[in-house]
Amino acid sequence: MDDVMKYGIAEARRTMNENYGGPFGASIIDKTGKVIAVASNTVLKDHDPSAHAEVNAIRKAGEVLGTHDLSGCVLYATGFPCPMCLSAIIWANIQQVYYGCNPKDAEAIGFRDDFIYRFIQKDLNDSSILQLEELDRVQCIELFKEYAQANKSIY
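Residues numbered from 1 in each chain as written. Predicted model: local features only at pLDDT ≥ 70, side-chain atom pairs only at ≥ 80, totals over all residues. Heavy atoms only, no water.

S.K.: Please clarify how the sheet that holds strand β1 (residues 25-29) should be interpreted in this entry.
M.R.: Paired through backbone hydrogen bonds, the strands of a sheet run either parallel or antiparallel to each other. Read across the open sheet, the four strands follow the order β2-β1-β3-β4; overall the sheet is mixed. Of all strands in the sheet, those bounded by a partner on one side alone are β2 (35-40) and β4 (96-101). Averaged over neighbouring strand pairs, the angle between their axes works out to 15° when direction is ignored. Here β1 pairs with β2 via five bridges, running antiparallel. By the bridge assignment, Ile29 is partnered in β2 with Val35. (Pairing = 2+ DSSP bridges. Helix = DSSP H or I, 4+ residues; strand = E, 2+ residues; numbered from the N terminus. Axes fitted to C-alpha atoms, helices over the stretch in contact; angles between N-to-C directions.)

Okay, structure coming up:
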């Protein structure tokens, strides 16, 4: 087992036993191989459905490095990242992820990532899961135009 994965496992075990969240831990190393962030799932403790280990680790790594761009960093996770975490990883420009357990392993202990994957694969049209409706596009497009005209950084 890679030493970096051990940090995420230990943190997940600790917080899982404190009822902070599930058996999910994550570690991030920088371009030099130094561990810069270790985090676990804290959904129950924080009352925050986005407080997954990978997201928490990305937030910590961003603080440590002083940037939202984690290019060159590598993430180690105890489980295959859920759709939300995959998105956060991609937005952070992390291009390498090592994971321990696969989606079927998570499903076997009651986690339900599969319905989100199905929702995405159905072109976002399963209203029994989520209803999406466009509203006030004209006003919102003005805000987008202001941003574009201000030549803000795209991230």
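Okay, back to it.
S.K.: Mind showing me how you'd approach the nonpolar core here?
M.R.: One broad trend across soluble globular proteins is that nonpolar side chains are buried collectively. Grouped together as the largest cluster of nonpolar side chains are 21 residues, with contacts concentrated most on Ile28, Ile58, Ala61, Leu70, Cys73, Leu75 and Ile94. Among the secondary structure elements, those contributing two or more residues to this core are β1, β2, α3 (53-65), β3 (74-79) and α4 (83-91). Looking at this core element by element, the count peaks at five residues for α3. Counting residues in each nonpolar core, the second largest holds five residues, with Val4, Ile29, Val74 and Tyr76 among its members. (Core = buried A, V, L, I, M, F, W, Y, C linked by side-chain atoms within 4.5 Å. Buried < 20%, exposed > 50% of the residue type's maximum accessible area, 1.4 Å probe, protein only.)

S.K.: So what exactly am I meant to see when it comes to unusual backbone geometry here?
M.R.: In most cases, non-glycine residues show a negative phi, while peptide bonds are predominantly trans. If you check the backbone angles, Asn19 has positive phi at about 60° while not being a glycine. Tracing the chain through its elements places Asn19 in the loop between α1 (3-17) and β1. Accessibility expressed as a relative area gives 57% for Asn19, which makes it exposed. Despite not being glycine, Asp136 shows a phi value in the positive range, around 55°. Structurally, the position occupied by Asp136 is in the loop between α6 (114-121) and α7 (137-149).

S.K.: What is the right way to read the environment of Val97 from this model?
M.R.: Looking at the secondary structure, you find Val97 in strand β4. Overall, the relative accessible area of 25% leaves Val97 in the partly exposed class. Once the C-alpha coordinates of Val97 and Cys73 are considered, the two residues, 24 residues apart in sequence, prove to be 9.3 Å apart. Leave out the neighbours within four places in its chain, and Val97 touches Leu75, Pro81 and Ile89. (Contact = heavy atoms within 4.5 Å.)

S.K.: Help me understand the pairing of β1, please; the structure alone is not making it clear to me.
M.R.: Each regular strand displays side chains that alternate between the two surfaces of the sheet. Along β1, five of the five residues are buried, which leaves the element largely enclosed by surrounding structure. Side-chain alternation along β1 places Gly25, Ser27 and Ile29 on one buried face and Ala26 and Ile28 on a second face that is also buried. With antiparallel pairing between neighbouring strands as the criterion, β1 and β2 make up a hairpin whose turn holds five residues, including Gly33 at a positive phi of roughly 95°. Sheet topology places β1 next to β3; four bridges connect them, and they run antiparallel. Counterpart to Ser27 in the pairing with β3 is Tyr76.

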